[in-house]
Amino acid sequence: AAWAAYHHQGLYIIAAWIALGNLLQAAAYLWAWSLLDMKGVLCWANVDRAAVKEFVTFCYAVFATQIGSILITGLDLPIVAAFDFRSAAYYAVAATVSNMLIVPQGAIVGTLIPIASGMSAIENPTRMGEAVLKTTRYATALLCILALPLLLGIHSFLTLWVGPDYARHALLSAVILIVAQFVRLTLMPYASIGFAAGQQHQMLISPLGEGIANLG
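To keep things clear, this report deals only with the structure shown in the data block. (Residues numbered from 1 in each chain as written. Predicted model: local features only at pLDDT ≥ 70, side-chain atom pairs only at ≥ 80, totals over all residues. Heavy atoms only, no water.)

1. Some details on the overall build of the chain
Helix and strand counts for the chain stand at twelve helices and zero strands. Order of helices (α) and strands (β) in the chain, N terminus to C terminus: α-α-α-α-α-α-α-α-α-α-α-α. A compact globule built from 216 residues should have a C-alpha radius of gyration of about 17 Å, whereas the chain, at 21 Å, is more than 25% larger. Along the three orthogonal principal directions, the C-alpha set of the chain runs to about 65 × 50 × 30 Å. Residues counted as buried form 25% of the 216 residues belonging to the chain. Taking all contacts inside the chain whose residues are at least 6 apart in sequence as the whole, residues at least 24 apart take part in 73%. Summed over all atoms, the accessible surface of the chain reaches about 14,700 Å², with 71% contributed by carbon and sulfur. Here the chain holds 9 positive side-chain charges and 9 negative ones, and the gap between their average locations is 2 Å. (Helix = DSSP H or I, 4+ residues; strand = E, 2+ residues; numbered from the N terminus. Rg over C-alpha atoms; globule rule 2.2 N^0.38 Å. Buried < 20%, exposed > 50% of the residue type's maximum accessible area, 1.4 Å probe, protein only. Contact = heavy atoms within 4.5 Å. Areas by Shrake-Rupley, 256 points an atom, 1.4 Å probe, with all protein chains shown as cover. Lys, Arg positive; Asp, Glu negative; His and termini not counted. Charge placed at Lys NZ, Arg CZ, Asp CG, Glu CD.)

Below, the structure is given as structure tokens:
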């Protein structure tokens, strides 16, 4: 995909290469199963109806979350381009800066999922509640450590990164988006632990609601 983009081959060609990569990945999985002689593990006799229902419920929640994410971070730039095309590049810079909070926060909070899944297996709601509170406090402290220096040095950072013109025009949008990301990421521990505890069906409305509010 990067090679096609470098040679200006268009979005359709880039998408085709990405699709081919996904197909090759699936083929690699099948080849690995065959090579490891584990075909007996993948058979209809091992399919459990309760597990299928749980898996489908989980997929619904993930689908709702993905749709919400598209509404939150996928449509903002096209909307800006449609209403104020000259500001699209400035807004793209601001959005990129705000996303600097997501990667480290997601990498750290993501480690809670297997831990919370193990805790939910022993069905200890008191301990689970304590874990939600404690991890939310630590995660919020981490966000402060990440966001405060970024906000305090945002003008110098933008000037060094994209030059004074872009820094001047993207500054206000960057500050607003960083604060907005801070607010929404404070709930990431709750959402991660909820997914790990098997409460996906309780989380179908909130990501869609957030996405629709953000789109508005």
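2. Here's the deal with the nonpolar core
Across soluble globular proteins, nonpolar side chains show a tendency to be buried alongside one another. Residues Val97, Leu101, Ile154, Leu158 and Ile178 are the most contacted members of the largest nonpolar core, which totals 19 residues. Elements represented by at least two residues in this core include exactly α5 (88-98), α8 (125-152), α9 (154-162) and α10 (164-185). Excluding anything up to four places from it in sequence, leucine 101 contacts Leu146, Ala147, Leu150, Ile178, Gln181, Phe182 and Leu185. Listed in part, the seven residues of the second largest apolar core include Met119, Met128, Val132 and Ala196. (Core = buried A, V, L, I, M, F, W, Y, C linked by side-chain atoms within 4.5 Å.)

3. Structural notes on the pattern of salt bridges
On inspection of all chains with the given rule, the structure shows two salt bridges. With a closest N to O distance of 3.1 Å, aspartate 165 and arginine 168 form a salt bridge. Within this pair, aspartate 165 and its partner arginine 168 are both found in helix α10, separated by three residues, close to a single helical turn. Judged by its relative accessible area of 55%, arginine 168 falls in the exposed class. For the salt bridge of glutamate 210 with arginine 184, the shortest nitrogen-to-oxygen distance reads 2.8 Å. Of this pair, glutamate 210 sits in helix α12 (residues 205-215) while arginine 184 sits in helix α10, and the two are 26 residues apart along the sequence. Given a relative accessible area of 27%, arginine 184 falls into the partly exposed group. (Salt bridge = Lys/Arg side-chain N within 4 Å of Asp/Glu carboxyl O.)

4. Some points on a nonpolar patch on the surface
Residues Phe63, Ile67, Ile70, Leu75, Ile79, Phe83, Leu208, Ile212 and Leu215 make up a contiguous nonpolar surface patch of about 830 Å² in total accessible area. Going through the elements one at a time, α3 (49-74), α4 (76-83) and α12 are the ones with two or more residues in the nonpolar patch. (Patch = residues over 30% accessible without salt bridge, like charges linked within 9 Å, V, L, I, M, F, W, Y side chains within 5 Å.)

5. Some remarks on the packing of aromatic side chains
The full count for this structure, using the stated rule, is two aromatic pairs. The interplanar angle of 70° and the centroid separation of 4.9 Å between the aromatic rings of tyrosine 90 and tyrosine 166 together place this pair among those described as edge-to-face. Here tyrosine 90 is found in helix α5, whereas its partner tyrosine 166 is found in helix α10, with 76 residues between them in sequence. (Phe/Tyr/Trp six-rings, centres within 6.5 Å; stacked < 30°, edge-to-face > 60°.)

6. What about the packing of α8 against helix α11 (residues 188-196)?
Geometrically, a packed helix pair is captured by the angle between its two axes and the distance between the axes. The contact between α8 and α11 brings their axes to 8 Å, and the two run at 145°. Here α8 runs over α11; the crossing is right-handed. Counting all contacts with α8, which are made through Met128, Ala131, Val132, Thr135, Thr136 and Ala139, the residues of α11 involved are Pro189, Tyr190 and Ile193. By residue class, the composition of the contact of α8 with α11 is seven nonpolar, two polar and no charged. (Axes fitted to C-alpha atoms, helices over the stretch in contact; angles between N-to-C directions. Left-handed = near helix turned anticlockwise from the far one by under 90°. Nonpolar A, V, L, I, M, F, W, Y, C, P; charged D, E, K, R; others polar.)

7. Concerning α3
An ideal rise of 1.5 Å per residue puts 38 Å on 26 residues; α3 measures up with 35 Å between its terminal C-alpha atoms. You can read the cap of α3 off the contacts: a side-chain oxygen lies 3.2 Å from the backbone nitrogen of alanine 50, and it is on aspartate 48. (Expected span 1.5 Å × (residues − 1). Polar contact = N/O pair within 3.5 Å; in protein donor to acceptor, adjacent residues only side chain to side chain.)

8. Let's talk about the environment of tryptophan 31
Checked against the element boundaries, tryptophan 31 lands in helix α2 (residues 11-35). You can call tryptophan 31 exposed: its relative accessible area is 57%. Separated by 152 residues in the primary sequence, tryptophan 31 and valine 183 place their C-alpha atoms 44 Å from one another.

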